[in-house]
Amino acid sequence: MKSIIKSTRLDQLGITASIACAIHCALLPLLITSLPLLGLEFLANIWVEISMICLSLFIGTYALSTSYPKHKRIIPIAMLVAGFLFIGSGHLLFETIEAILVPAGGLIIATAHWMNWKYSKICSHNPSS
């Protein structure tokens, strides 16, 4: 029971981090010219973006890998991978549509956490059986 609570908290944190990443990536192109006036130019730094991606990757991998043995559903893991593929392809391959792919990837990752949370919540079997 304790690990389900831990997994639920990680999924909630993962949803929050993924949505924050999606909002950051969607709004930054629109606000980039006003950031220095607001004292928020650090948000345009590549290291902020890399840190957000790494944090989301760590939380997502840990949360989904610890709850998969309980519910045995591959969909959240597939969505997590798809979300990071969207983010990676937006940054590395399709820079012209990066403003669409990266926020979409963040929302896909948030949805993966939400699905994982729902599956973990309704799962009632013992993972050791």
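Values in this document were obtained by computation on a predicted structure and should not be read as measured data.

**Let's talk about the overall build of the protein chain**
Assigned secondary structure in the protein chain consists of five helices and zero strands. In the protein chain, the succession of helices and strands from N to C terminus is α-α-α-α-α. Across the 129 residues in the protein chain, those meeting the buried criterion constitute 36%. Across the protein chain, the fraction of contacts at a sequence separation of at least 24, relative to all contacts at a separation of at least 6, is 72%. With an accessible surface of roughly 7800 Å², the protein chain has 74% of that area assigned to carbon and sulfur atoms.

**A closer look at a nonpolar patch on the surface**
A surface patch of nonpolar side chains, about 560 Å² in accessible area, is lined by Leu92, Leu93, Phe94, Ile97 and Ile100. By secondary structure assignment, the location of Phe94 is in the loop between α4 (75–92) and α5 (98–122). Among the residues examined, Phe94 registers a relative accessible area of 43% and is labelled partly exposed.

**Quick look at helix α3 (residues 46–71)**
Each α-helix winds once per 3.6 residues, and so residues spaced three or four apart point in a common direction. For α3, built from 26 residues, the straight-helix expectation of 38 Å at 1.5 Å per residue is met to within 8% by its first-to-last C-alpha distance of 37 Å. When α3 is considered as a whole, its buried residues turn out to be Glu49, Ser56, Ile59, Gly60, Ala63, Leu64, Ser67, Lys70 and His71. Lys72, located one to two residues past α3, shows a positive phi value of around 55°.

**A short note on the packing of aromatic side chains**
Per the counting criterion, the structure on display carries one aromatic pair. Pairing Phe58 with Tyr62 gives two aromatic rings, centres 6.4 Å apart and planes at 15°, and the pair type is stacked. Within this pair, Phe58 and its partner Tyr62 are both found in helix α3, separated by four residues, close to a single helical turn. Phe58 sits in the exposed class, given a relative accessible area of 59%. Judged by relative accessible area, which is 35%, Tyr62 ranks as partly exposed. Against the face of Tyr119 rests Arg73, its NZ or CZ located 4.4 Å from the ring centre.

**Concerning the confidence of the model for the protein chain**
Looking at the protein chain as a whole, its pLDDT mean stands at 77, while 71% of the residues score no less than 70. The element-level mean pLDDT for the protein chain is lowest in helix α2 (residues 35–38), coming to 60, with α4 highest at 91.

**Side note on the packing of α3 against α4**
Two numbers describe how α3 lies on α4: the axes approach to 9 Å, and their chain directions differ by 165°. Accordingly, the angle class assigned to the pair α3 and α4 is roughly antiparallel. Handedness of the α3/α4 crossing: left-handed. For the pair α3 and α4, contact is made by Glu49, Ile53, Ser56, Leu57, Gly60, Thr61, Leu64, Tyr68 and His71 and by Pro76, Ile77, Leu80, Phe84, Ile87 and His91, respectively.

**A closer look at the environment of Lys118**
Residue placement: Lys118 occurs in helix α5. Using a relative accessible area of 31% as the deciding quantity, one classes Lys118 as partly exposed. For the pair Lys118 and Asp11, spaced 107 residues apart in sequence, the C-alpha to C-alpha distance is 9.6 Å.

The rules we used
- Residues numbered from 1 in each chain as written.
- Predicted model: local features only at pLDDT ≥ 70, side-chain atom pairs only at ≥ 80, totals over all residues.
- Heavy atoms only, no water.
- Helix = DSSP H or I, 4+ residues; strand = E, 2+ residues; numbered from the N terminus.
- Buried < 20%, exposed > 50% of the residue type's maximum accessible area, 1.4 Å probe, protein only.
- Contact = heavy atoms within 4.5 Å.
- Areas by Shrake-Rupley, 256 points an atom, 1.4 Å probe, with all protein chains shown as cover.
- Patch = residues over 30% accessible without salt bridge, like charges linked within 9 Å, V, L, I, M, F, W, Y side chains within 5 Å.
- Salt bridge = Lys/Arg side-chain N within 4 Å of Asp/Glu carboxyl O.
- Expected span 1.5 Å × (residues − 1).
- Phe/Tyr/Trp six-rings, centres within 6.5 Å; stacked < 30°, edge-to-face > 60°.
- Lys NZ or Arg CZ within 6 Å of the ring centre and 35° of its normal.
- pLDDT = per-residue confidence, 0-100.
- Axes fitted to C-alpha atoms, helices over the stretch in contact; angles between N-to-C directions.
- Parallel < 35°, antiparallel > 145°, perpendicular 65-115°, else oblique.
- Left-handed = near helix turned anticlockwise from the far one by under 90°.

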